[in-house]
Each structure stands twice: as C-alpha cells, then as structure tokens.
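# Chains, contacts and geometry: an overview
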Amino acid sequence: MLKRGDSGLDVQTLQSKLLLKQDAQFGPVTEKAVIRFQLANGLPVTGIVDSDMWTLLFNKVPTIQEAIDEDSDISDQYFKTNFDQIIHKYYLSPKEYIKGPIKNEYIFLHHTAGNNNPFACVDMWNKDDRGAIGTEFVLGGQSVFTGNDLYDGTVVQAFPEGAYGWHLGDNGSEYMHKHSVGIEVCNFGPIKDGKTYTGQKANPLQIVELKESFRGHKTWHRYSDKQLLVLKDLILHIADRDDIDISKGLISEIKKNGAKGFEFNSDAYYGKVKGMWTHTNTRKDKSDMFPQQELIDMLLSL
C-alpha cells in the first residue's frame with residue numbers, strides 16, 4: 001500500500017500509471033490523482049493505493065481523460081465538516097439502514113472489537129443477515145497485529161444524515177434507539193496474555209494497561225493518538241449538527257467518578273439523560289468503550 005509521504009520505485013510506477021511527473025515522491029499532486037482515479041472507478045475514496053487499485057491500474061489502459069470533474073464528483077464521495085474534517089461517504093445498501101428522518105438527541109461511543117479498516121467494517125454490516133444494524137460513523141485505527149496505520153483516523157459515514165441503524169441492543173428505551181447517533185471506533189478490545197480474543201498475538205506497541213480492571217480486563221488494544229484527535233472533532237461536529245449537549249451523560253459521570261463513569265448507568269439504560277454515553281453505560285455485557293486515560297483526558301477537554 002502507498003500513501004502520501006511515501007517515496008521510491010513503487011511511487012514512481014504509480015505516477016507512471018497515472019501519467020504524472022515521475023519524481024518518486026507521493027505528495028499532494030499524486031494524492032489528488034489517486035483520488036480522481038478512485039472516483040472514476042468506483043473505489044473507496046481514501047487517497048491510499050491498495051491492492052484493488054493496483055489491480056485496476058495494471059489492467060487499465062492509461063488515459064489523460066481519467067481526471068474527472070471534481071466539483072461534482074467529490075461531493076458525492078465525501079464532505080468536509082466545519083471542523084475541517086473529511087468524512088468519507090461509504091453508504092450501506094438502503095435495506096441495511098432505516099431512512100428516517102429522525103432527530104438525534106443522544107451520541108453513543110462504541111468500538112468494533114475488530115480490525116482497523118472502517119470501509120471493511122461497513123462491508124461486513126452490508127453482508128450480514130442481522131438487518132439494519134450499524135452506526136452512522138466508523139473511525140479507522142491502527143492494526144493491533146502489525147501497527148499498520150493506513151486507516152488511522154479515517155472517518156466513514158455509513159448512511160445519510162437523518163437515517164439510523166440499530167446499534168444499542170437490549171436497553172430500556174426504544175426511543176433512544178431511534179434518536180441516537182453512533183460512532184464505531186475500530187479497536188480490538190480486551191487483550192489477554194498478549195493476545196486478542198481471536199488468539200492472535202497483539203503488537204506490544206498497541207497494548208495499554210489500565211490502573212484498574214474494566215469489565216474483567218486490565219490490558220486492552222490502545223486507542224491511537226490520531227483516533228482520539230479525530231474523535232474529538234467528530235463528536236464536536238455531531239454535537240453542533242444535531243444540537244446535543246455533550247456535557248451531559250458520560251462526561252458528567254467521569255467528572256464525578258473518574259474511570260468508573262464508564263460503568264453501567266440506569267439513567268443511560270432508560271434514556272433519561274440526553275447527551276453523550278458509551279455502550280458500556282447501557283449494557284453490563286459490553287466492553288465498548290473502555291476508560292483509557294487518554295480517552296478520558298480528551299473527553300474532559302470537550
């Protein structure tokens with residue numbers, strides 16, 4: 001895979017295929033050409049050259065006409081928030097979410113307990129047989145196995161604003177189901193004896209140890225610094241867009257109880273407090289999200 005900042009012969013080959021000046025440096029001009037190619041060929045618009053894009057590049061006759069009308073086409077693929085954040089539109093099939101429109105009154109934070117690619121997360125929801133289950137936003141992260149950061153901080157919108165998916169499971173308020181926006185952070189969750197729940201060894205650099213156990217675990221897959229920075233702006237965007245008071249709920253509980261603010265809360269379960277919560281506040285059997293100190297610090301800075 002290649003991304004902005006890379007250099008070398010592979011970048012030179014890429015530039016040759018895209019009919020660019022071959023300086024072997026993956027800079028803004030090359031990234032722009034990659035995005036145009038992805039738009040023109042129905043690929044996820046990431047600016048990152050993966051195996052799917054390489055396959056197309058080597059099986060397609062290069063043409064200077066590959067560049068397309070950015071003003072009309074890019075708006076169909078992603079948008080920029082008031083916080084200068086790029087959100088990629090990668091929508092589920094219409095049958096995999098509920099169109100609405102609805103007004104969101106709650107924000108819920110989750111993590112995927114899975115891999116780092118937010119586009120793959122949406123693809124998985126599209127292929128499962130559980131119905132309209134998913135969150136509006138998915139935030140990519142680092143690979144717990146290799147430390148690969150190609151998708152770290154990439155935000156994907158899985159369905160249009162005003163639509164919703166089921167993302168809370170069993171709780172005490174159906175109203176909250178229909179009036180909440182979810183953010184799914186790509187993270188593998190608990191780590192036991194240096195391994196994920198799949199039995200694979202985790203990259204030691206991706207492991208964090210809590211001061212106290214949470215939901216029966218002390219070591220976890222670390223939320224990356226980039227994820228936390230991007231998550232902060234995403235929360236602020238949603239709060240501004242949907243007029244949600246994020247000081248109520250999780251942040252209030254953290255101020256009173258520290259890390260224990262992530263524990264089950266009956267007011268959250270019954271939807272009595274409108275604001276921002278995490279899935280663990282409404283479910284005793286869930287671990288998303290866990291109280292990593294850097295996450296707590298970020299939330300308290302909002």
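Above this text sits the structure in question.
Residues numbered from 1 in each chain as written. Predicted model: local features only at pLDDT ≥ 70, side-chain atom pairs only at ≥ 80, totals over all residues. Heavy atoms only, no water.

## Regarding the overall build of the protein chain
- Of the regular secondary structure elements, the protein chain holds 11 helices and 9 strands.
- Relative to the 2.2 N^0.38 estimate, which gives 19 Å for 302 residues, the radius of gyration of the protein chain is 20 Å and therefore close to what a compact globule would have.
- Taken over the C-alpha atoms alone, the protein chain extends approximately 60 × 45 × 35 Å along its principal axes.
- Across the 302 residues of the protein chain, 50% fall into the buried class. (Helix = DSSP H or I, 4+ residues; strand = E, 2+ residues; numbered from the N terminus. Rg over C-alpha atoms; globule rule 2.2 N^0.38 Å. Buried < 20%, exposed > 50% of the residue type's maximum accessible area, 1.4 Å probe, protein only.)

## Some details on unusual backbone geometry
- The amide bond that connects Gly100 to the next residue, Pro101, takes the cis arrangement and shows omega of 10°.
- Along the chain, Pro101 falls in the loop between strand E2 (86–89) and strand E3 (106–111).
- Asp288 connects to Met289 through a cis peptide bond whose omega is 10°.
- Residue placement: Met289 occurs in the loop between helix H10 (279–282) and helix H11 (293–300).
- Even without a glycine there, the phi angle at Asp84 is positive, about 60°.
- Structurally, the position occupied by Asp84 is in the loop between strand E1 (78–80) and E2.
- Asp84 sits in the exposed class, given a relative accessible area of 58%.
- A positive phi angle, close to 50°, is found at Arg215, a residue other than glycine.
- By secondary structure assignment, the location of Arg215 is in the loop between strand E7 (207–214) and strand E8 (217–221).

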